[in-house]
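Summary of the model geometry
Listed below, chain by chain, are the residues.
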Amino acid sequence: MQISELLAVKRLHLRFLAGAEHAHRDIRWAYTTDLLEPARYLRGGELVLTGMMWRTRPADSEVFVASVVSAGALAIGAGTALGEVPEDLVNACQAHDIPLVEIPPETSFGVVTEEVLRSLTQRRFTTIAETRDRQRRLMAEVASGADFPEAFASAARQAGVTAWVISACGRHVASSGAPLSAEERENLAAKALTWSAFPRTTRLHSGGEGRVMTIVPVQTKESHSLSNWLLVCGGDHNAWSEEEHEAVAELVSVSVLARSRDEERSLTTARHLEGLPRLLAAQRFDEVTALMRGTGDGDTAEPDERAHVVVSAMMLPEPRVPDLARRVIAELVADHTGAVVTGDNDALAVIPVEGTEEQARDRAEKIRAELVHRARVLEGGLLDYRLAVGLSSAARGIPELRGAAVEARHARRLAELRGGRSRVIAGAEIDSHELLLASVPEEVQTSYRERLLGPLVDYDRDHRSELVDTLEQFLAHSGSWQRCAASMHVHVNTLRYRIGRVEELTGRDLSSLEHRVDLFLALKLRD
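These numbers were taken from a predicted model, which means no experiment stands behind them.

1. Brief notes about the overall build of the chain
Helix and strand content of the chain: 19 helices and 16 strands. Expressed as lengths along the three principal axes of its C-alpha atoms, the size of the chain is roughly 90 × 55 × 50 Å. Looking at the chain residue by residue over its 527 residues, the buried ones come to 51%. Expressed as a percentage of contacts within the chain between residues at least 6 apart in sequence, the contacts between residues at least 24 apart total 64%. Of the roughly 24400 Å² of accessible surface on the chain, a fraction of 48% belongs to carbon and sulfur atoms. Placing the 62 positive and 78 negative side-chain charges of the chain at their respective mean positions leaves the two points 2 Å apart.

2. Some points on the packing of aromatic side chains
As enumerated under the stated definition, the model contains five aromatic pairs in all. For the ring pair Phe474 and Trp481, a centre distance of 4.9 Å and an interplane angle of 50° mean the geometry is tilted. With relative accessibility at 2%, the residue Phe474 sits in the buried group. Residue classification places Trp481 among the partly exposed residues on the basis of a relative accessible area of 25%. Arg496 extends its terminal NZ or CZ atom over the ring of Trp481, reaching a point 4.4 Å from the ring centre.

3. What about the side chain of Glu115?
With respect to the helices and strands, Glu115 occurs in helix 4 (residues 109–124). Taking relative accessible area as the criterion, Glu115 reaches 12% and is therefore assigned buried. Separated by 3.0 Å, the side chains of Glu115 and Arg118 make a polar contact. Apart from residues no more than four positions distant in its own chain, Glu115 is found in contact with Met1, Leu6, Val9, Arg11 and Leu12.

4. Some points on the side chain of His237
The topology assignment puts His237 in the loop between strand 10 (229–234) and helix 8 (242–272). Once you skip the residues sitting within four places of it in the chain, His237 turns out to touch Pro199, Thr201, Thr214 and His245.

5. Considering the pattern of salt bridges
Enumeration over the complete set of coordinates arrives at 28 salt bridges. Notably, a salt bridge pairs Glu263 with Arg259, separated by 3.6 Å at the nearest N-O pair. With Glu263 and Arg259 both in helix 8, this residue pair falls four residues apart, about one helical turn. For the residue pair Glu263 and Arg259, the accessibility class agrees, reading buried in each case. Among the salt bridges present, the one from Arg449 reaches Glu450, with a minimum N-O distance of 3.9 Å. The class of Arg449 is buried, set by a relative accessible area of 11%. Through salt bridges that share partners, Arg171, Arg259, Asp262, Glu263, Arg265 and Glu331 make up one connected network.

6. With respect to the packing of helix 10 (residues 285–293) against helix 13 (residues 398–418)
Relative to each other, helix 10 and helix 13 sit at 90°, their axes nearing to 9 Å. One way to sum up the angle between helix 10 and helix 13 is to call them roughly perpendicular. Here Phe285, Val288, Thr289 and Met292 of helix 10 come into contact with helix 13, specifically with Ile398, Pro399, Leu401 and Arg402. Residues belonging to the contact of helix 10 with helix 13 are distributed by class as follows: six nonpolar, one polar and one charged.

7. A short note on the nonpolar core
Formed by 46 residues in total, the largest nonpolar core has its most connected members in Leu6, Ile27, Phe148, Phe152, Val165, Leu231 and Leu251. Considering each element in turn, this core owes the most residues, eight residues, to helix 8. By size, the runner-up hydrophobic cluster in this structure holds 35 residues, among which are Ala313, Ala364, Leu378 and Leu387.

8. Digging into the sheet that holds strand 3 (residues 46–50)
Taken in spatial order, the five strands of this open sheet run 1-5-4-3-2, and their pairing is mixed. Only two strands of the sheet have a single neighbouring strand rather than two, namely strand 1 (15–18) and strand 2 (29–32). With strand direction ignored, the average angle separating the axes of adjacent strands in the sheet is 30°. For strand 3 and strand 4 (residues 75–79), the ladder comprises four bridges, and the chain directions are parallel.

9. Observations regarding the environment of Thr107
Residue position: Thr107 is located in the loop between strand 5 (100–103) and helix 4. Sequence separation between Thr107 and Thr80 is 27 residues, and the spatial gap between their C-alpha atoms is 9.5 Å. Those residues in contact with Thr107 that lie beyond four places of it in its chain are Arg11, Leu12, His13, Val112 and Lys221. From its side chain, Thr107 meets the backbone oxygen of Leu12 in a polar contact 2.7 Å long.

10. Considerations on the pairing of strand 4
Along a regular strand, successive side chains alternate from one face of the sheet to the other. The buried fraction of strand 4 amounts to five of the five residues, a majority that puts the element mostly inside the structure. Every second residue of strand 4 is oriented toward a common face, with Ala75, Gly77 and Gly79 on one face and Ile76 and Ala78 on the other, all of them buried. Note on the crossover from strand 3 through helix 2 (residues 59–70) to strand 4: the handedness is right-handed. Sheet topology note: the strand 4/strand 5 ladder contains four bridges and is parallel. Residue pairing for strand 5: Gly77 is matched across the bridge by Val101. The handedness of the strand 4 to strand 5 crossover, carried by helix 3 (residues 87–95), is right-handed.

11. A short note on helix 16 (residues 467–476)
Those residues of helix 16 that sit buried are Leu467, Val468, Thr470, Leu471, Phe474 and Leu475. The buried side chains of helix 16 occupy one side of the element, clustering within an arc of 160° when seen end-on. Those residues of helix 16 that are buried are in contact with helix 15 (442–463), helix 17 (481–488), helix 18 (492–506) and helix 19 (513–524).

12. Focus: unusual backbone geometry
Excluding glycine, a negative phi dihedral is what most residues carry, and trans is how most peptide bonds are arranged. The linkage connecting Phe198 with the following residue, Pro199, adopts the cis geometry, with an omega of -5°. Secondary-structure assignment places Pro199 in the loop between helix 7 (182–192) and strand 8 (200–206). Put simply, Leu316 and Pro317 share a cis peptide bond, and its omega is -10°. As for its placement among the helices and strands, Pro317 is situated in the loop between strand 11 (307–316) and helix 11 (324–332). For His13, which is not a glycine, the phi torsion comes out positive at approximately 60°. The topology assignment puts His13 in the loop between helix 1 (3–7) and strand 1.

Cut-offs used in this document
Counting starts from 1 at the beginning of each chain's written sequence and moves along it residue by residue. Selection of residues for local features in this predicted model requires a pLDDT of at least 70, selection of side-chain atom pairs for listing and counting requires 80 or more, and totals for whole chains, interfaces and linings are taken over all residues. The basis for the side-chain values is all heavy atoms of the structure; hydrogens and waters are excluded. Going along the chain from the N terminus, every DSSP run of H or I of four or more residues is numbered as a helix, and every run of E of two or more is numbered as a strand. To sort residues, take the accessible area from a 1.4 Å probe on protein chains only and compare it with the maximum for the residue type: under 20% means buried, over 50% means exposed, and anything in between is partly exposed. Residues count as neighbours in contact if any of their non-hydrogen atoms are within 4.5 Å of one another. For the area figures, the Shrake-Rupley method with a 1.4 Å probe applies, and any residue is considered shielded solely by the protein chains shown. Counting rule applied: Lys, Arg positive; Asp, Glu negative; His and chain ends not counted. Here the site of a charge means atom NZ of a Lys, CZ of an Arg, CG of an Asp or CD of a Glu. Pairing of aromatic side chains here covers Phe, Tyr and the six-membered ring of Trp, requires ring centres within 6.5 Å, and sorts the geometry by plane angle: under 30 degrees stacked, over 60 edge-to-face, intermediate tilted. Charges are assigned to positions over rings by a cutoff of 6 Å between ring centre and Lys NZ or Arg CZ, combined with an angular limit of 35 degrees from the ring normal. Two N or O atoms form a polar contact when they lie within 3.5 Å of each other; inside protein one atom must be a possible hydrogen donor and the other a possible acceptor, and for residues adjacent in sequence the pair counts only when both atoms belong to side chains. A side-chain nitrogen of Lys or Arg and a carboxyl oxygen of Asp or Glu constitute a salt bridge if their distance falls within 4 Å. Here the axes come from fitting lines to C-alpha atoms, over the contacting stretch only for helices, and the angles between their N-to-C directions go from 0 to 180 degrees. We call two directions roughly parallel when the angle between them is under 35 degrees, roughly antiparallel when it is over 145, roughly perpendicular when it lies between 65 and 115, and oblique otherwise. Each residue is assigned to one class: nonpolar for Ala, Val, Leu, Ile, Met, Phe, Trp, Tyr, Cys and Pro, charged for Asp, Glu, Lys and Arg, and polar for all the others, Gly among them. Nine residue types can take part in a nonpolar core, namely buried Ala, Val, Leu, Ile, Met, Phe, Trp, Tyr and Cys, and a core is a set of them joined through side-chain atoms within 4.5 Å. DSSP bridges decide pairing: two strands pair if at least two such bridges lie between them. Crossover handedness is defined here as right-handed if the route from the first strand over the helix to the second strand goes clockwise, with the strands pointing away from the viewer. The reported arc concerns the directions from the helix axis to the C-beta atoms and nothing else.

This is how it looks when you write it as structure tokens:
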């Protein structure tokens, strides 16, 4: 289709920022990227869609546009979800004589890709042989809302491509043949999270044989590596024929459309349920029941007749990418029929569990183990963030759902305290002082810690001493002078002198159990 035909689609609200005189150019494909230099992944004739995440300074625009032009792409579509198109990008496009199209925030890259795909598919129907014609028809059906796994399998088989779609945590989404094992999917997903450039070839070892696989990310406008889907194809992309490259590109585009629809459904549910935490806290259970009944999960049981497990998740520090925690936890629980997710960086998932009380408890434990496992798969992509997840026990009926939400959030706060790239804590695991610490607001924790340990930290910094470590060892040895001194390899008199300084600086008497508990809790609150 011509660029002018794409801009004529009123619902897309596209407009030229540069190069309107080239509106007659024919778009061969649509390709989404946020790489600074994507030339190696372009084949020519593409409309290159970008969210401009590659731009860290004005000079980057020249580098990006030069790379796109060198590969023969015919136009650039810039999304404005994260801000206006900078003048330096407009100037670079004018200098290289390539059209620049603005894509407003309300128009997703998936919708633009869908429009391009629909037009290309329609044209190809009249020129491609019968077998290829059937393949395009299946792709058009996916664009119209057909069952994605079934259509993907048919399209890949007809194209002669062995392919799979998996999620960032290794969840099976679709395949054209025998599904990969859970171990194989998770290994591939974990590898992909550490890569910055695609397509990427790797070798999958299973059963004594090494199979070569090529991985391509399924990127939408709102995607992030932690919530992406991945297209896995058999073989090395460097050895593919032109037809194989074309078939894989089509599978990527269809997968992008399916992923976009999946994300839109998830976001719609999240918005529908955004009042759920507030209603639970206010104990407005009739409204909660009505809200849960309206999620349309396909289960005929009433919400107040079912048991649920609640999951609370947070990304730390708060991500620059909006809504990331919700999208990540939505992927982690996606296999559970009827699961609903709401919230933003403080995301809440409600998962129905069936059976008797004992069966519900067993199911809750299986969910916990699954979350732990899948969160670890994501750790390769958690370089800038930590993922803290709390899980409640199974709660039957809507009134008990409030307590489950509280329990899940307390467990999540404890997961934040315990650290690690990913941490999943079940409420049933909390049976010590850690529950109390997790339930205390962060500002109160900080104030308490600073009042008790601040003088020791300052003294250690100014005198290069070890009073904080000494206090920790002394309490760990239950106040035993001999055992503590032996453990620290110091004389007992040295230990007595240090503890005397601790008591003087903190105003606490370490012969008092009450004062020991105060300092013990303060140490537990250290970052």
